Amino acid sequence: MNKRFMLILFLIVFALAISSFIFSVPDGEVIEKKKSGNPTITILAGQSTSDAGTEEMIQKVLEEKFPDVNFEWICVGWADDNYRLRLTGKYAIGNPPDIIIGKSQDAVVYAESSVLLPIPPECAARIREEEKQAVTSNGQLYGLPYTCQYQGVLYNKSIFAQYGLQPPETKEELAGIVTRLEAAGVVPFASHYKEAWQVGNNTMQFLMNEIFQYNPVWGDELRSGKSSFGQNEVVAGCFMNSGDIISHSWEDALQIDQFECDERFGQGNAAMYLTGCWSLQHISQVTQDINIGIFPYPNTNGDAKLIKEINLSFMKGAGTRESDLVDQILLELGTNQELAKEIADFTKGESTLKELADYRITEVQEEISQYGKENKVIDVTIGNMQLIWDYQSDVAEEELLWLQGKKTLTEVLRYADDNIQNSIAEK
């Protein structure tokens, strides 16, 4: 275990000593009724906005398959600092989780910090090979990739048809659509910039199509001093895209959250929405009448791709005392088709099981499949491994201050450059 990671653990132990309440009543923790003498499996679940509720589906299956096992769940927001603190905190107090649920990008990052154990290949034998690549390090599998989400611009097909519009491929075409809609009194973009995570997510979408699809090691070049944020006009343009969206959205775009934005878009109050398929979950609860499509946010070269993200991923905690049992649980999760369908339907995602390759449920799945056939889908793991989420999140906080008029873009880009050494996992 590296010195930096040991230092983090020490600091957390110290913090616990003076502030024991941090972990004494953890938010979102669900402890099942214990059966005396039976093994207990602790599951730390870092959840995105569409994932809350999947723990109940998983728990039901595990209870039936492993009736003599106690399961303790700790559910926290994946994008929150609380997720990483809860993980390292449990190691610090000698009670590490047996199973960790996060995103594919967590697998390699945590493996390099000695937090995870490799997963036996048989547990993921029925997972598609392309998804397994994202959770593989030094030839070993450190995660069970379970669902995929797709990101891009959701659009209201009825509004587009009403004004004779087609999904744009270039920035010029997108600008023309915005002009046409505003002339007709239609709000071009639904957007929510109350949360910094949304700023970070959008910026990575832009960087994937402007930078990483052409140069997948751009983060390495930043760290070596061969490139920078501040001296790259294309990169600056990625940040400015969010400003452009806000300027063609609602006046209160900086004050509303995802769910308010989902609802407004579902009610037809804007024509386009830069987001991911996770928003379909709430939109479908608002209305069943809207006809939605999806396209990539256009880039400079006119060859933008849909962004693919491996969302739910199961990992094996390095501190588990029930290694064989954890492997059995992961094998069940990696082979249970009915559970995979249920979770894919609920999260508006796509299962990674080979047998479910043709299983389609989301409102935009037909278009996603077409982009896939045309090789117009790119895995965001490329960018997320070059610039880890903690770094993206820190930069997004600064970017949000710029969008609020409290900082200049130059200051944000300088911050990104000055802190670039924090952008990769410690090895």
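Computed from a prediction, not measured in an experiment: that's the story for all the values here. (Residues numbered from 1 in each chain as written. Predicted model: local features only at pLDDT ≥ 70, side-chain atom pairs only at ≥ 80, totals over all residues. Heavy atoms only, no water.)

K.L.:
Describe the overall build of the protein, and please don't skip the residues or the numbers.
P.N.:
Within the protein one finds 19 helices and 16 strands. The buried share among the 427 residues of the protein stands at 57%. Looking at the protein alone, contacts between residues at least 24 apart form 78% of all its contacts between residues at least 6 apart. (Helix = DSSP H or I, 4+ residues; strand = E, 2+ residues; numbered from the N terminus. Buried < 20%, exposed > 50% of the residue type's maximum accessible area, 1.4 Å probe, protein only. Contact = heavy atoms within 4.5 Å.)

K.L.:
How would you sum up the nonpolar core? Please name residues and give values.
P.N.:
If you look at the biggest cluster of nonpolar residues, it comprises 124 residues, and the most contacted ones within it are Phe229, Met272 and Leu387. A per-element tally of this core places helix α9 (residues 196-212) first, with eight residues. (Core = buried A, V, L, I, M, F, W, Y, C linked by side-chain atoms within 4.5 Å.)

K.L.:
Tell me what's going on with the packing of α9 against helix α11 (residues 233-247), and back it up with residues and numbers.
P.N.:
Relative to each other, α9 and α11 sit at 140 degrees, their axes nearing to 9 Å. Taken together, the axes of α9 and α11 are oblique relative to one another. Both α9 and α11 take part in a crossing whose hand is right-handed. Where α9 approaches α11, its residues Asn202, Thr203, Phe206, Leu207, Glu210 and Ile211 are matched on the opposing element by Val234, Val235, Cys238, Phe239, Asn241, Ser242 and Ile245. Residue composition of the contact of α9 with α11, grouped by class: eight nonpolar, four polar and one charged. (Axes fitted to C-alpha atoms, helices over the stretch in contact; angles between N-to-C directions. Parallel < 35°, antiparallel > 145°, perpendicular 65-115°, else oblique. Left-handed = near helix turned anticlockwise from the far one by under 90°. Nonpolar A, V, L, I, M, F, W, Y, C, P; charged D, E, K, R; others polar.)

K.L.:
Tell me about the side chain of Gln213, residues and numbers included.
P.N.:
Along the chain, Gln213 falls in the loop between α9 and α10 (218-224). There is a polar contact of 3.2 Å between the side chain of Gln213 and the backbone oxygen of Asn209. Reaching out from Gln213, the side chain makes a polar contact with the backbone oxygen of Asp303 at a distance of 3.3 Å. (Polar contact = N/O pair within 3.5 Å; in protein donor to acceptor, adjacent residues only side chain to side chain.)

K.L.:
Residues and numbers for the pairing of strand β12 (residues 292-295), please.
P.N.:
Judged by which residues are buried, β12 turns out to be covered on both faces: Ile292 and Ile294 on one side and Gly293 and Phe295 on the other are all buried. In this structure, strand β9 (residues 147-156) lies alongside β12, joined through four bridges in antiparallel fashion. When the sheet's bridge partners are listed, Val153 is paired in β12 with Phe295. (Pairing = 2+ DSSP bridges.)

K.L.:
Which residues make up the confidence of the model for the protein, and what are the values?
P.N.:
Of the residues in the protein, 90% reach a pLDDT of 70 or more, and the chain-wide mean stands at 88. Of the regions scoring below 50 in pLDDT, residues 1-27 engages in 31 contacts with residues more than four places distant in sequence or in other chains. (pLDDT = per-residue confidence, 0-100.)

K.L.:
Describe the packing of aromatic side chains, with residues and values.
P.N.:
Per the counting criterion, the structure on display carries 10 aromatic pairs. Arranged with centres 5.2 Å apart and planes meeting at 65 degrees, the rings of Trp218 and Phe229 form a pair that is edge-to-face. Taken as a pair, Trp218 in helix α10 and Phe229 in the loop between α10 and α11 lie far apart in primary sequence, 11 residues in all. Of the residues examined, Phe229 reaches a relative accessible area of 2% and is grouped as buried. Members of the aromatic cluster, connected to one another through ring pairs, are Phe212, Trp218, Phe229 and Phe239. The ring of Trp78 carries the charged tip of Lys103 above its face, separated from the ring centre by 5.0 Å. (Phe/Tyr/Trp six-rings, centres within 6.5 Å; stacked < 30°, edge-to-face > 60°. Lys NZ or Arg CZ within 6 Å of the ring centre and 35° of its normal.)

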